[in-house]
Amino acid sequence: MGFGSVAPDSLDAIADSLRRMVERMDWWSGTVITHSLAGGTGSGMGSRLLLDIRDAYPRQWLVSAAVLPFPTGDSALQNYNAALALAHVQQHADLALLFENNQLLGAHERQGRLAT
């Protein structure tokens, strides 16, 4: 699902779910969105969610925890998708936490070796 092709029903369901969670809280200071930037649902829908949440809750903190694509990957468009998604992250998020996919994979592999 890309930014422009996100189904309105999906966005409405997510917005309604977030609204219900916020209404049940005594105190809420913001939201953290975890998403990929390589393409597909993470970059497209993640960017759209940043926009929609910012519009609905302009005074609340909005944090993007985004995973950058592998340096060489499955799609030739992943770096283009990441650049477009990062533009939305920069415009709408109060804080961007960027993680490199290859660094996360290396940490996971090291952790696995320590556990055995």
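Rules behind the numbers
- Residue numbering note: each chain is counted from 1, following its sequence as written.
- Where totals are concerned, whole chains, interfaces and linings use all residues; where local detail is concerned, this predicted model gives features only for residues with pLDDT of at least 70, and gives and counts side-chain atom pairs only at 80 or more.
- Only hydrogens and water are set aside; all other atoms, that is, all heavy atoms of the structure, feed into the side-chain values.
- Starting at the N terminus, helices and strands are each numbered in turn, a helix being any DSSP run of H or I of at least four residues and a strand any DSSP run of E of at least two.
- Here a helix's expected span is defined as the number of its residues, less one, multiplied by 1.5 Å.
- Any two residues having at least one pair of non-hydrogen atoms within 4.5 Å are treated as being in contact.
- Each residue gets a pLDDT score, which is the predictor's confidence in that residue and runs from 0 to 100.
- For two strands to be treated as a pair, DSSP must find no fewer than two bridges joining them.
- Note on definitions: angles span 0 to 180 degrees between N-to-C directions of axes, and those axes are lines fitted to C-alpha atoms, for helices only across the stretch in contact.

Taking 1.5 Å of rise per residue, 15 residues should cover 21 Å, and helix H3 (residues 78-92) covers 21 Å from first to last C-alpha, within 8% of that figure. Where the residues of H3 are buried, they touch strand S1 (30-36), helix H2 (41-56), strand S2 (61-68) and strand S3 (95-100).

Take the confidence of the model for the chain next. Per-residue pLDDT for the chain averages 85, and the proportion of residues at 70 or more is 90%. Confidence, expressed as mean pLDDT per element, reaches its minimum in the chain at helix H4 (residues 101-115) with 82 and its maximum at S2 with 94.

Before going further, it helps to examine the sheet that holds S2. Sheet architecture is open: three strands sit in the order S1-S2-S3, paired in parallel fashion. With partners counted over all chains shown, the strands left at the sheet margins are S1 and S3, one partner each. Within the sheet, the average angular offset between the axes of one strand and its neighbour, ignoring direction, is 15 degrees. The sheet contact formed by S2 and S3 spans six bridges and is parallel. Bridging across to S3, Val67 finds its partner in Phe99. Those strands touched by H2 are S1 and S2, and its axis lies near 165 degrees from that of S1. Contacting S1, S2 and S3, H3 runs over the sheet at an angle of about 160 degrees to S2.

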